[in-house]
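Survey of secondary and tertiary structure
These are the residues of each chain, in order.
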Amino acid sequence: MGTEHSKSEERRSMVFLRKGPKLPAWEDALLAGREPKSLLKRGLRYVSLSLIMKGMTSTPDFLWGLHEVQKLNLSRNQLVVIPPSLGKLDRLVVLNLGGNCLKCLPKEIGLLRNLKVLFVNMNCLKEVPAELSLCRKLEVLSLSHNCISQLPLSFTDLTSLRKLNLSNNRFVQIPLCIFALRSLDFLHLGSNKLENIAESIQYLVNLQIFIVENNNIRSLPRSLCYLSTLELLNVDYNAIQTLPDDLYLLRRLRRIAWNPMDKGLHIAHNPLSRPLPEVVEGGLDVLFNYLRDKKEHN
């Protein structure tokens with residue numbers, strides 16, 4: 001009788017578990033007694049682990065013992081803190097922490113000496129640890145949609161950095177350390193509080209895409225015209241009234257662009273002084289000829 005009652009209770013419990021919310025993959029694996037390493041996926045290039053959209057408010061402890069992992073995706077959770085144990089994953093090449101509630105990054109992030117790609121977009125960061133500059137192999141960094149207003153001067157050591165997204169933050173000026181990043185080919189500073197672009201922009205000699213839309217920029221520096229590699233320049237939604245006469249030197253800009261994804265010169269929604277609005281409507285060749293003639297007659 002007692003045995004039958006126990007079996008009946010067990011069956012009811014199993015039914016209840018089946019009807020309950022599905023466990024996250026990593027919890028399911030651990031409860032089944034599986035080794036956490038079974039969660040790793042071994043691709044052609046990297047050993048990866050994805051815990052995206054698991055509703056996590058903290059990171060599981062087993063994570064920091066997975067020393068082989070090279071690509072780690074913890075995006076779109078509710079993480080508030082990344083513990084110092086992150087530094088144990090020193091083989092990481094790609095780390096995605098986007099879409100969480102992080103207010104800071106641990107200084108141990110500087111121990112990730114193999115890191116090439118880091119996403120910390122859509123969080124609550126107010127500052128970036130200086131130790132991040134120890135990740136000398138870093139090539140891609142996205143800090144967009146945070147509350148950052150400055151970067152540590154040590155960022156000048158990130159000499160391998162090629163793509164930097166600082167959009168939707170609180171920068172009033174372009175941080176000086178950025179002008180030392182000569183390998184940059186992509187720089188996004190849209191939706192900040194920039195009032196100008198420093199003449200030092202000329203030092204970013206490999207820049208191909210430069211986006212500063214939706215700021216408070218009143219004019220473009222003449223030195224910007226010496227970035228002969230520029231293929232996309234987006235200054236939409238600013239306070240620009242005049243254009244530098246040497247803008248025609250940017251020969252890789254092929255057209256006046258209207259679609260945000262298109263290469264070319266984006267200059268819509270600026271209070272351009274006359275006759276510039278009409279000239280711009282004629283296309284990029286007309287604009288460049290106008291600026292060239294204007295320079296010759298001055």
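These remarks concern the structure in this document. It should be emphasised that the depicted structure is a prediction, and the values quoted were computed from it without experimental measurement.

Moving on to the overall build of the chain. When helices and strands are counted, the chain shows 4 helices and 11 strands. Going through the 298 residues of the chain one by one, you find that 46% of them count as buried. Of the contacts formed within the chain by residues at least 6 apart in sequence, a portion of 31% connects residues at least 24 apart. Surface summary for the chain: the accessible area is close to 15,900 Å², and the carbon and sulfur share equals 51%.

Here we take up the state of the cysteines. Considering all chains together, one arrives at 0 disulfides under this definition. C101 takes part in no disulfide bond, and the closest cysteine sulfur, belonging to C124, lies 5.6 Å away.

Here we come to helix α4 (residues 284-297). An ideal rise of 1.5 Å per residue puts 20 Å on 14 residues; α4 measures up with 20 Å between its terminal C-alpha atoms. Looking at the buried positions of α4, the neighbouring elements they touch are β11 (264-266) and α3 (276-281).

This part is about the nonpolar core. Core analysis: the largest hydrophobic core is formed by 82 residues, its most contacted members being L151, I178, F210 and L287. Taken together, the elements giving at least two residues each to this core come down to β2 (47-50), α3 and α4. By residue number, the principal contributor to this core is α4, which donates 4 residues. If we ignore the near neighbours within four places in the chain, the residues touching I178 are L151, L164, L166, L184, L187 and L204. Among the nonpolar cores identified, the runner-up in size contains 5 residues, and Y46, V94, V117 and V140 belong to it.

Attention now goes to the sheet that holds β2. Spatially, β1-β2-β3-β4-β5-β6-β7-β8-β9-β10-β11 is the arrangement adopted by the 11 strands of the open sheet, whose pairing is mixed. Each of the sheet's edge strands pairs with one partner strand only, and the pair in question is β1 (41-42) and β11. Sheet topology places strand β6 (residues 140-142) next to strand β7 (residues 163-165); 3 bridges connect them, and they run parallel. Bridge pairing links S142 to N165 in β7.

This part covers the pattern of salt bridges. For the structure shown, the criterion picks out 12 salt bridges. One salt bridge connects K295 with D246, and the closest N-O pair in it is separated by 2.6 Å. Here D246 lies in the loop between β10 (232-234) and β11 and K295 lies in helix α4, a separation of 49 residues in the sequence. Counted as one network, the salt bridges with shared partners bring together E139, R162, K163 and D185.

What follows is about a positive patch on the surface. Among the surface-exposed residues, R45, K71, K116 and K137 lie close enough to one another that they form a single positively charged patch. Here R45 lies in the loop between β1 and β2. Accessibility expressed as a relative area gives 66% for R45, which makes it exposed.

Turning our eyes to something else, we now look at the side chain of S142. Mapping S142 onto the fold places it in strand β6. S142 sits in the buried class, given a relative accessible area of 7%.

Side-chain alternation along β2 places V47 and L49 on a buried face and S48 and S50 on a face that remains uncovered. Judged from the 2 bridges that link them, β1 and β2 form a sheet pairing that is antiparallel. Each bridged residue has a counterpart across the sheet, and for K41 the counterpart in β2 is S48. Hairpin connection between β1 and β2: a loop of 4 residues separates the two successive antiparallel strands.

Quick look at unusual backbone geometry now. When glycine is set aside, most residues are seen to have a negative phi, and most peptide bonds are trans. Cis peptide bonds are those with omega within 30 degrees of zero, and the linkage from R274 to P275 qualifies with 10°. Located in the positive-phi region is N168, a residue other than glycine, with phi close to 55°. By the element assignment, N168 lies in the loop between β7 and β8 (186-188). One non-glycine residue, N214, lies in positive phi territory at about 55°.

Scoring rules and cut-offs
- Residues numbered from 1 in each chain as written.
- Predicted model: local features only at pLDDT ≥ 70, side-chain atom pairs only at ≥ 80, totals over all residues.
- Heavy atoms only, no water.
- Helix = DSSP H or I, 4+ residues; strand = E, 2+ residues; numbered from the N terminus.
- Buried < 20%, exposed > 50% of the residue type's maximum accessible area, 1.4 Å probe, protein only.
- Contact = heavy atoms within 4.5 Å.
- Areas by Shrake-Rupley, 256 points an atom, 1.4 Å probe, with all protein chains shown as cover.
- Disulfide = S-S within 2.5 Å.
- Expected span 1.5 Å × (residues − 1).
- Core = buried A, V, L, I, M, F, W, Y, C linked by side-chain atoms within 4.5 Å.
- Pairing = 2+ DSSP bridges.
- Salt bridge = Lys/Arg side-chain N within 4 Å of Asp/Glu carboxyl O.
- Patch = residues over 30% accessible without salt bridge, like charges linked within 9 Å, V, L, I, M, F, W, Y side chains within 5 Å.
- Lys, Arg positive; Asp, Glu negative; His and termini not counted.
- Charge placed at Lys NZ, Arg CZ, Asp CG, Glu CD.

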